[in-house]
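A structural walkthrough
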Amino acid sequence: MKILLAGDTHEANEGATGFDLFQDRSVIAMTVNGSARDLAHVLSPGDSVIGITIQSPAGLEILRHSTAHVMAQAVQELFPDSKLGIGPYITDGFYFDFDVAEPFIPEDIRRIEKRMKELVGKSQRFRRVEVTEAEAIELMKNEPYKLELIGLKSEDVAEGSVEVSPDGLSVYENVNPDGSVAWMDLCRGPHLPNTRQVGKNFSLLRSAAAYWRGNENNKQLQRIYGTAWDSREALDDFTEKLEQAAKRDHRKLGTELDLFSFPDEIGSGLAVFHPKGGIIRKVMEDYSRDRHEAAGYEFVYSPHITKSNLFEQSGHLGWYSEGMFPPMKLDSEIDESGVVKKQGADYYLKPMNCPFHILIFKSRSRSYRELPLRMFEFGSVYRYEKSGVLHGLTRVRGMTQDDAHLFVSPEQLQEELTKVLQFVLDLLRDYGLNDFYLELSTKEDGNPKFVGSDEVWKSASDTLEAVAVASGLELVPDPGGAAFYGPKISVQARDAIGRTWQMSTIQLDFNLPERFDLEYVGSDGDKHQPIMIHRALFGSIERFFGVLTEHYAGHFPPWLAPVQVVGVPVADEFGGYLEDFAKELKLEGVRVFVDHSDARMQKKIRDHTLDRVPFLILAGSRDEEAKTVSFRYRDGSQVNDVSLSEAKRMILEAINTKVQV
RNA sequence: GCCGACCUGGCGCAAUUGGUAGCGCACCACUCUUGUAAAGUGGGGGUUACGGGUUCGAGUCCCGUGGUCGGCUCCA
């Protein structure tokens, strides 16, 4: 029979499988007419076949999925009463969920990993068996979660399910060399031909609880995460990457570099910034203010608490109350005769700034001539986040947003959005992030959570999309991810080691202008409703601070570095010479000091390097005579015999141009 | 919020099976000081997160509270 092999016509025997086609041992599966199949799949005339190698992205997914099966087999051998949840591949690895009587302890994980290595050595074949629903139910009769998946049918199972496919049900058996079936699982496949190919380049990483089918009302299963690779080197690289990421952890660096802390006395998720973190934050904020001013924003201020009425009108108490701190209750005072002397009231800490800015807009009548009206505030908000989700500076209960609300006429919307997006991206680049993609979050049809007419949503989403596309950046759709009041673009930034962080969001809002009955007088003399754009650039200053700390691994560029220059005299007697130079820099606003401590020079260099000071300026007798200094940078490189004027110029230029050194 | 693990000077860690809480860094003092990542000596600092309990005796065992970490759910 004729088939198409990697695009070329190929003559194959009737009943040929992938094993007959591919001699290359690194081919572990194949796509047949676009669908991934086992090598054991029997081909039909006219099939179009492409091999999948183990090191390709699709091959690694199969490897990881097969590794998950081996893990599940090991778990069920060691814990015979355990029941299987789902076990998919994920980025860089896999997980498998189990219902077990007792949560796994680290020792269990080690035993499971050891057993997996033994199973790999047993050279079991992965055998696909296509089954009817009745057969599947019979085979999985002791696996209640699998039975639930069978009952659900594929369309109800989450996207990307590895258990069931639309084509029908199948199980995979792990078959011993003697033909006996060692283990089986309901699975869509495909798999490696043999457990041997799982190899030893895997590692179990951690265990944790996870809700069955991701629903917090369901039972929690025990999930084991692992990673698997096609070579020792790839596994080592991955491990190394994890270690690098751990070294960049802003929580660790925050303590080491004395930037911020979370005193237990204050409460969870509430940070204090120490002087060194404070100066970084101040520089970030100052620069942001300057740029906002230049871009036509106006500065407003609002209080941290408000009576409940405001959040009733805005809808927050209806939609968002779970995320808010409980109210401060002021009781009403009633005199003896039952007359209310003072009305009681509930005050809330604000979780968002928008209602306040709206009240500023409403404080007097507005003309179309004032639009776009751009209000900006570093607004501190408080959100009662669940205790389990708090995470360093990236997920806190008290934060300051660099928040702006733009009131525009419908005609101005597209142009203003374009400007805002450009502004956001420009500013992020100045802070050193320059690898972005955009996400367009839109409404989900039929979901009642989204307010407003389909027509308005469509026009808003289309406008956002046009603006996003025009930016030239990659655009990822996120259907159903919109806020209840309107669609949004979010800017995702990749950091120095390739992790992505959600940064800025730009949201369109038709709901609040309606709720607050906002209006302006148009050129026609009639009243019109403005559209609101919500926009936070850093997301929150705290989160952005955390992201920048990790992005730079604490090596902040000179303009952000808490201490920009430290003078290190070769011996005490040159301290004065450096002090004079430092004074000159100080006059230019440089954060500089000379280390006159009685430590030796080498020790000072070590200490300030560990402190990530961008410029160490050394001077000894040679320098004093020649009126020079020498530079030592954080990477250990040095530039010697630099004249004082040139040194000053180099330092100021690096600071002013916001470059990294 | 849920599941699990963890909590010992500022930081990182020790402390035999329950038996006098130690070390390194940092800090303070003194001595020393000439070229690019750690000079030497001495000193101060802890109610072992907090509150109960068991015990002759608790950092260690038990219970509760708080916090942290890893996930789940949720989100800037």
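Above this text you will find the structure in question.
Anyway, here's the lowdown on the structure attached to this text. Bear in mind the structure is a predicted one, so any value in this text is a computation, not a measurement.

**A closer look at the packing of helix α16 (residues 575–587) against helix α19 (residues 644–656)**
- Relative to each other, α16 and α19 sit at 45 degrees, their axes nearing to 11 Å. One finds that α16 runs oblique with respect to α19. For the element pair α16 and α19, the recorded crossing hand is right-handed. Residues Tyr 577, Phe 581, Glu 584 and Leu 585 of α16 form the contact with α19, whose own contacting residues are Leu 644, Ala 647, Lys 648 and Ile 651.

**Here's the deal with the protein's contact with RNA strand B**
- Surveying the vicinity of RNA strand B reveals 55 residues, the closest of which are Tyr 211, Gln 220, Lys 603, Arg 606 and Ser 630.
- When the atoms of RNA strand B within 4 Å of the protein are grouped by moiety, sugar and phosphate amount to 49% of the total.
- The contact in question runs from a sugar or linking oxygen of RNA strand B to an N or O atom on the side chain of Arg 206, over 3.2 Å.
- At the level of elements, β12 (202–211), β13 (220–228), α7 (250–256), α17 (601–610), α18 (621–626), β35 (628–632) and β36 (638–643) are the ones that each hand at least two residues to the surface near RNA strand B.
- Sorting elements by how many residues they give to the surface near RNA strand B places α17 first, with 7 residues.
- Considered class by class, the residues forming the surface near RNA strand B number 16 nonpolar, 19 polar and 20 charged.

**What to know about the sheet that holds strand β11 (residues 181–186)**
- One open sheet holds the 3 strands; their spatial order is β9-β10-β11, and the pairing between them is antiparallel. Two strands lie at the open edges of the sheet, namely β9 (125–131) and β11, each paired on one side alone. The average angle at which neighbouring strand axes cross in this sheet is 25 degrees, direction not considered.
- As judged from the 7 bridges shared by β9 and strand β10 (residues 169–175), these two strands associate in the antiparallel manner. Bridged to Arg 125 within β10 is Val 175.
- Contacting β9, β10 and β11, helix α2 (residues 57–78) runs over the sheet at an angle of about 120 degrees to β11.

**Brief notes about the pattern of salt bridges**
- Throughout the structure, instances matching the rule amount to 44 salt bridges.
- Residue Lys 329 pairs with Asp 346 through a salt bridge whose shortest N-O separation is 3.1 Å. Of this pair, Lys 329 sits in strand β18 (residues 328–330) while Asp 346 sits in strand β21 (residues 345–349), and the two are 17 residues apart along the sequence.
- Judged by relative accessible area, Lys 329 falls into the exposed class, the value being 58%.

**Regarding the sheet that holds strand β32 (residues 565–569)**
- Read across the sheet, 5 strands follow the order β33-β32-β34-β35-β36 without closing on themselves; strand pairing throughout is mixed. Looking at which strands have only one partner, the edges of the open sheet turn out to be β33 (592–594) and β36. Each neighbouring strand pair of the sheet contributes to a mean axis angle of 25 degrees, computed without reference to strand direction.
- Of the strand pairs in this sheet, β32 and strand β34 (residues 615–619) are connected by 5 bridges, and their pairing is parallel. Paired with Gly 567 across the bridge in β34 is Ile 617.
- Contacts between α17 and the sheet are confined to β32, β33, β34 and β35, with β32 contributing the most and set at about 170 degrees to the helix.
- Those strands touched by α19 are β32, β34, β35 and β36, and its axis lies near 125 degrees from that of β36.

**What about the side chain of Arg 612?**
- Within the fold, Arg 612 resides in the loop between α17 and β34.
- The side chain of Arg 612 sits in the buried core without any salt bridge; Glu 256 is the nearest counter-charge, 4.6 Å away.
- Setting aside residues up to four positions removed in sequence, Arg 612 forms contacts with Leu 253, Leu 257, Ala 553, Gly 554, His 555 and Arg 634.

**Considering a negative patch on the surface**
- The grouping of Asp 572, Glu 573, Asp 580, Asp 598, Glu 624 and Glu 625 at the surface amounts to a negative patch.
- Here Asp 572 is to be found in the loop between β32 and α16.
- Owing to a relative accessible area of 63%, Asp 572 belongs among the exposed residues under this scheme.

**A closer look at the packing of helix α8 (residues 275–294) against helix α12 (residues 413–430)**
- It is the contact of α8 with α12, at a shortest axis distance of 12 Å, that shows an interaxial angle of 150 degrees. Relative to α12, the element α8 is oriented roughly antiparallel. The element α8 and its partner α12 pack so that their crossing is right-handed. Every residue of α12 that contacts α8 at Tyr 287, Arg 291 and His 292 is listed here: Phe 423, Asp 426, Leu 427 and Asp 430.
- Grouping the constituent residues of the contact of α8 with α12 by class yields 3 nonpolar, 1 polar and 3 charged.

The rules behind the values
- Residues numbered from 1 in each chain as written.
- Chains lettered and ligands numbered in written order.
- Predicted model: local features only at pLDDT ≥ 70, side-chain atom pairs only at ≥ 80, totals over all residues.
- Heavy atoms only, no water.
- Axes fitted to C-alpha atoms, helices over the stretch in contact; angles between N-to-C directions.
- Helix = DSSP H or I, 4+ residues; strand = E, 2+ residues; numbered from the N terminus.
- Parallel < 35°, antiparallel > 145°, perpendicular 65-115°, else oblique.
- Left-handed = near helix turned anticlockwise from the far one by under 90°.
- Contact = heavy atoms within 4.5 Å.
- Near = heavy atom within 4 Å.
- Polar contact = N/O pair within 3.5 Å; in protein donor to acceptor, adjacent residues only side chain to side chain.
- Nonpolar A, V, L, I, M, F, W, Y, C, P; charged D, E, K, R; others polar.
- Pairing = 2+ DSSP bridges.
- Salt bridge = Lys/Arg side-chain N within 4 Å of Asp/Glu carboxyl O.
- Buried < 20%, exposed > 50% of the residue type's maximum accessible area, 1.4 Å probe, protein only.
- Lys, Arg positive; Asp, Glu negative; His and termini not counted.
- Patch = residues over 30% accessible without salt bridge, like charges linked within 9 Å, V, L, I, M, F, W, Y side chains within 5 Å.
- Areas by Shrake-Rupley, 256 points an atom, 1.4 Å probe, with all protein chains shown as cover.
- Charge placed at Lys NZ, Arg CZ, Asp CG, Glu CD.

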